[in-house]
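# Architecture and fold: a report
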Amino acid sequence: MTGTVEKFIKMNDGIAIPVIGLGTFQGNYDYTSVHDIVVKAVKTAIDLGYRHFDTALVYDTEAAVGEAVRDKIQEGVVRREELFIVTKLWCNSHGKENVVPALHESLRKLGMDYVDLFLIHWPVAFKSGSGLLPKDANGQIILDDDMDFTDTWQGMVECRKLGLAHSIGISNFNEKQIKRLVESTDVLPSLIQIEVNPFFSNDKIVSLCQQLGITVACYSPLGKPGRPWKKDNDPFISTDVTLNEIAKVHKKTPMQVSLRFLLQKGLVVIPKSNSYDHIKENTDVFDFQLTHKEMNSIDENCSCHNFKVLYLKELIGHSKEYPFNED
């Protein structure tokens, strides 16, 4: 852990990823997005200096990200090679033979020839060919638990060989799943995307991946404060005493302190916002440094909550590969 934070981290494949990205999931768990809102947010972020954008097929934001990027390229604000675009393989395309076609579909929506990073979104496989959320007569997701994500990974490797994805990785895998995947392949994931924030340190997976040389990116780095299922007694970064005390010292917001805390741990952060002020605020974290005492204080007073935001147990909890049973 160091106080110095660079704006890029070099992954194990030699490719550099910007340490701050813009998340584009709009929080609609029926998986529908508001196209124009995302276009505006991405354009705003590009103007403010963001170069890393996170999307996924299931978010229904790939087309919006692609439109915003094309507009800004046409305006001369940015070049494609300066951007780092991430998308993800959805659970209904885990068959090895389905991975490349699934990425082609994402590229079609993005209007791009390649993505910079392609992730397996979840280790859980759905029945293929029946839509994004195939359900039985009882409304339960139809799984394909005979599908092995190590076979899916072979399809991911093919995407990289074809130049459709410059880097490949995983998301929402637990320790056992990470170890099994790594043991099955000569191609190490470049990055894992998992939930990490001051209230949920996810230390075991972070430590394992850092030992393996796998870069860790944090989704919900601010604890997803707008989540519809929040409760009054949940911990919130904006009102946390420790984070606010440290923020006052540095003349920053508790949200900026939280992002800086994660960055100083060597992690990539992907905060999501549609607000100009918040998008700007989330990137103004390179002009101050947390002391060892402040870092330890956050570890001791915030991480003790062990408060995880995202489980999706009702959706995929019946899968043998559901990753959070160990939490």
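In this text, all values refer to a predicted model and were calculated from it rather than measured experimentally. (Residues numbered from 1 in each chain as written. Predicted model: local features only at pLDDT ≥ 70, side-chain atom pairs only at ≥ 80, totals over all residues. Heavy atoms only, no water.)

Here the focus is empty space enclosed by the protein. Taken as a whole and judged by the stated rule, the model has one cavity of 30 Å³ or more. Considering only enclosed or pocket space, the largest cavity measures out at about 50 Å³ in volume. In terms of lining, the largest cavity is formed by Asn197, Phe199, Leu222, Gly223, Pro225, Arg227, Pro235, Phe236, Ile237, Phe307 and Val309. A per-class count over the lining of the largest cavity returns eight nonpolar, two polar and one charged. (1 Å grid on protein atoms, 1.4 Å probe; cavity = no way out; pocket = protein on both sides within 12 Å on 5 of 7 lines; lining within 4 Å. Points joined across faces, edges and corners; volume = space filled by probe spheres on them. Nonpolar A, V, L, I, M, F, W, Y, C, P; charged D, E, K, R; others polar.)

Mapped onto the elements of the fold, aspartate 146 is located in the loop between β6 (115–120) and α4 (149–161). A relative accessible area of 76% means that aspartate 146 is categorised as exposed. The sequence separation of aspartate 146 and valine 268 amounts to 122 residues, and the corresponding C-alpha distance is 33 Å. (Helix = DSSP H or I, 4+ residues; strand = E, 2+ residues; numbered from the N terminus. Buried < 20%, exposed > 50% of the residue type's maximum accessible area, 1.4 Å probe, protein only.)

In this section: the sheet that holds strand β7 (residues 165–171). Spatially, β3-β4-β5-β6-β7-β8-β9-β10 is the arrangement adopted by the eight strands of the open sheet, whose pairing is parallel. At either end of the open sheet lies a strand with only one pairing partner, and these are β3 (22–23) and β10 (268–270). The pairing of β7 with strand β8 (residues 191–195) spans two bridges and is parallel. Its bridge partner lying in β8, serine 171 is registered against glutamine 193. (Pairing = 2+ DSSP bridges.)

Interpretation in functional terms is not warranted from these geometric data alone.
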